[in-house]
Every structure is written in C-alpha cells, then in structure tokens.
Amino acid sequence: MTPITKIRSNYKGSAITRQWVREQIEGRFGKAAARAYNPVTNCLTFSQWARHGYFPKKGEQGLRSIVIIEKKNAKGEVVRRYPKNIVLFYKSQVSPIKA
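Please read these numbers as outputs of a predicted model, since none were measured by experiment.

Examining the side chain of Gln24
Here Gln24 shows up in helix α1 (residues 15-29). In contact with Gln24, not counting residues within four places along its chain, are Leu63 and Arg64.

Have a look at this one:
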C-alpha cells in the first residue's frame, strides 16, 4: 500500500472541473474539506485508489467530473476531442484495503 501522502493523480489542470469538484466536496464534507482539496493528491478515481491499496468505504457516493479525451492520428496530431464522465473519490471517502 502506498502512503496516502505519496499518491498522485493524473489531473491536467482544468480550473472549471477543479471548482466543480470543490463545490461538491464543500456541499458534502464542509468548507474545511473544500479548502484541503487538491486534485493532484487527494481526489482520484476508483481504479487509481485501488492501484495504491485503497478502496472506497461502503456506501460512499463518488464525485462527478469530466475529462477531455483526445484521439490522435499516426502523426500524433489531435483529430478528435470529446468529454468523458468520470467518478472521483475524496481522501476521506477511502480506507486501506485489508489483506
């Protein structure tokens, strides 16, 4: 299991999705949690948390967000972009997987 302080997401820097997720966290967990929110270190997808040895707690509902997927041709040029819905879990929503 990776220590929670060493985990990093693949967040790309969208200010709009960052604010959208922050608002969801504030609505569910309060202002202190929203201030502590960092999309790089403490809000990941199910599979990202699992890869590091964490699992969402029973009954937890994920936070909604989107990512932009870019399809590239053989030359590496972007030929298509489209949004994809994803579900994130905040650090207080997960616990270590018991062996």
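Now that the structure has been shown, the text picks up again.
Some remarks on the environment of Ile97
Tracing the backbone shows Ile97 in the segment after β5 (94-96). Separated by 43 residues in sequence, Ile97 and Tyr54 have C-alpha atoms that sit 5.1 Å apart. Excluding residues that lie within four positions of it along the chain, Ile97 makes contacts with Ala50, Gly53, Tyr54 and Phe55.

Quick look at the environment of Pro96
Following the sequence through the fold, Pro96 ends up in strand β5. C-alpha of Pro96 to C-alpha of Arg35: the two residues are 61 residues apart in sequence and 23 Å apart in space. Here Pro96 is in contact with Met1, Gly53 and Tyr54, once residues within four sequence places are set aside.

What to know about the nonpolar core
Of all hydrophobic cores here, the largest spans 9 residues; its members are Val21, Ile25, Ala33, Tyr37, Cys43, Leu63, Ile86, Leu88 and Tyr90. Contributing elements (two or more residues each) for this core: α1 and β4 (78-90). The biggest single contributor to this core is β4, with 3 residues. In contact with Leu63, not counting residues within four places along its chain, are Val21, Gln24, Ile25, Arg28, Cys43, Ile86, Val87, Leu88, Tyr90 and Gln93. Counting 6 residues, the second largest nonpolar core, distinct from the first, contains Trp49, Tyr54, Phe89 and Val94.

Points about the pairing of strand β3 (residues 63-72)
Residues in a regular strand project their side chains so that they alternate between the two faces of the sheet. As judged from the 10 bridges shared by β3 and β4, these two strands associate in the antiparallel manner. Looking at β4, one finds that Ser65 is bridged to Ile86. Counted along the chain from β3 to the antiparallel partner β4, the turn is 5 residues long, and its residue Gly76 has a positive phi close to 85°.

Thresholds applied
- Residues numbered from 1 in each chain as written.
- Predicted model: local features only at pLDDT ≥ 70, side-chain atom pairs only at ≥ 80, totals over all residues.
- Heavy atoms only, no water.
- Helix = DSSP H or I, 4+ residues; strand = E, 2+ residues; numbered from the N terminus.
- Contact = heavy atoms within 4.5 Å.
- Core = buried A, V, L, I, M, F, W, Y, C linked by side-chain atoms within 4.5 Å.
- Buried < 20%, exposed > 50% of the residue type's maximum accessible area, 1.4 Å probe, protein only.
- Pairing = 2+ DSSP bridges.

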